[in-house]
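# Overview (structure and organization)
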Amino acid sequence: KRINAKGYAVHSKTDTFKPFEFSRHSMGDNDILIEIMYAGICHSDIHSARSEWHEGIYPMVPGHEIAGKVVAVGKNVTKFKVGDYAGVGCMVNSCGECEACKRSHEQFCERGQTVLTYDCKDHFHNDEPTYGGYSNNIVVSEKFAITVPKDAPMEKVAPLLCAGITTYSPLKFSGVKKGDVVGVAGFGGLGSMAVKYAVNMGADVYVFARNDKKKKEALEMGAKDLFTSTKDIPIRFDLIISTIPTGYDVNNYVDLLKYGGEMAIVGLPPAELKQSIDLARLIFSGGKKVYGSMIGGIKETQEMLDFSLKHKIYPETEIIAANQIDEAYQKLTSGQAKFRYVIDMKTL
Ligand code: NDP
Ligand code: ZN
């Protein structure tokens, strides 16, 4: 039997959010049903809702930073029981059989069967469109749900499921250690998490932002300084993570890497703002590595969540009501937002 759901959707790339009723696929034996308590607003939601990367699937219910309570479990489910807390991030399924899936890099399923939480066809359910977390519930395979302890602050847990894992993963991949010099470009939802994790790992952290409005916050989080330009920077970096969602020149950051330094790119600007790396500049200042990173696998997401709770590394959040999503998008795209807006689903 299909599961009734309600949430907020846009019906085109220029639409505003409106209440929306829909249904989700019925629960399989390995699925759990989560009653959503909080959903974070990631900048990817904005890119998707506005079709900035590719033409979206409408009506669209964004949201992939989901924290809630398990209210039903399929008969084969072992990881959860009714009443437990759970989290869901950017994906809800994958083939489970290819090399990438077996290594728990499900976001890179080699058969192209990664099912994203929204704006995606669900290959495992007749290609029906997926709907995300700006809603009251979600059905998900238990494998793709993250275990959350009962005493966790759920409004802080939600953004960890994307902003947390997306920044934790490259810091681990690059093996950041005590004394490394780490730059974080873009200081919003993701950038602030990158700063907190890198500081916790013992790195000397510097923030790059467009202005110094949040310098105080950067220093409070343990950053050494905040720069508003890449010009005349006397420091060279072991790792720079870019979380910038708008047009900018990547090369200016590559120039600031040490020999052997790495640039991890997670921010993905709109497709029309074609980004490029200048090969001559890359070669003449060689010995640097530039890579892209997409969220993290399920195993690593669980590790990130456990690590964050253990070290009390939480996102800076501002709770909003479900009818304030448009306002939050407006602030996030006009330099008026601080860090993460989180929707309280009680207001749905
Ligand atoms: P936010 O809007 O919360 O933060 C972006 C920050 O970047 C803002 O503080 C903004 O500052 C700043 N910024 C914008 N332009 C520049 C610039 N030219 N130089 C320096 N700083 C700049 O976004 P999120 O953190 O939620 O997401 C960031 C990006 O990461 C998005 O593109 C998103 O799609 C992507 N993303 C990628 C994932 C992945 O798996 N690779 C996963 C999740 C997100 P201001 O306030 O001045 O605008
Ligand atoms: Zn996200």
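You'll find the structure just up there.
The notes below deal with the structure included here. (Residues numbered from 1 in each chain as written. Chains lettered and ligands numbered in written order. Predicted model: local features only at pLDDT ≥ 70, side-chain atom pairs only at ≥ 80, totals over all residues. Heavy atoms only, no water.)

It is worth spelling out the site of ligand 1 at this point. His43, Arg210, Thr246, Ile295 and Arg340 are the nearest of the 29 residues found near ligand 1. In this structure, Leu268 approaches ligand 1 through a main-chain N or O atom, which is 3.0 Å from an oxygen atom. Note that an oxygen atom of ligand 1 is positioned 2.7 Å from one of the backbone N or O atoms of Ile295. When isolated, ligand 1 has an accessible area of 940 Å², and the protein chains bury 91% of it. Counting only elements with at least two residues in the shell around ligand 1, the list comes to helix H1 (43–49), helix H3 (154–173) and helix H4 (189–200). When the residues that make up the shell around ligand 1 are grouped by side-chain class, the tally is 14 nonpolar, 12 polar and 3 charged. (Near = heavy atom within 4 Å. Polar contact = N/O pair within 3.5 Å; in protein donor to acceptor, adjacent residues only side chain to side chain. Areas by Shrake-Rupley, 256 points an atom, 1.4 Å probe, with all protein chains shown as cover. Helix = DSSP H or I, 4+ residues; strand = E, 2+ residues; numbered from the N terminus. Nonpolar A, V, L, I, M, F, W, Y, C, P; charged D, E, K, R; others polar.)

Along the chain, Ser192 falls in helix H4. A relative accessible area of 2% means that Ser192 is categorised as buried. Here the side chain of Ser192 touches Gly188 through a polar contact of 2.7 Å, landing on its backbone oxygen. Beyond its immediate chain neighbours, meaning those up to four positions away, Ser192 contacts Phe187, Met221 and Phe339. (Buried < 20%, exposed > 50% of the residue type's maximum accessible area, 1.4 Å probe, protein only. Contact = heavy atoms within 4.5 Å.)

The set of residues buried in helix H9 (residues 325–332) consists of Ile325, Ala328, Tyr329 and Leu332. Along the axis of H9, the buried residues cluster in a sector spanning 100°; they form a single face. The elements touched by buried residues of H9 are strand S1 (3–9), strand S3 (31–41), H1, strand S18 (317–320) and strand S19 (340–344). (Arc of directions from axis to C-beta.)

Attention now goes to the pairing of strand S15 (residues 237–242). Among the 6 residues of S15, 5 are classified as buried, and the element is accordingly described as predominantly covered. Two elements, S15 and strand S16 (residues 257–265), share 5 bridges in a ladder whose sense is parallel. Of the residues in S16, the one forming a bridge with Ile241 is Ala264. (Pairing = 2+ DSSP bridges.)

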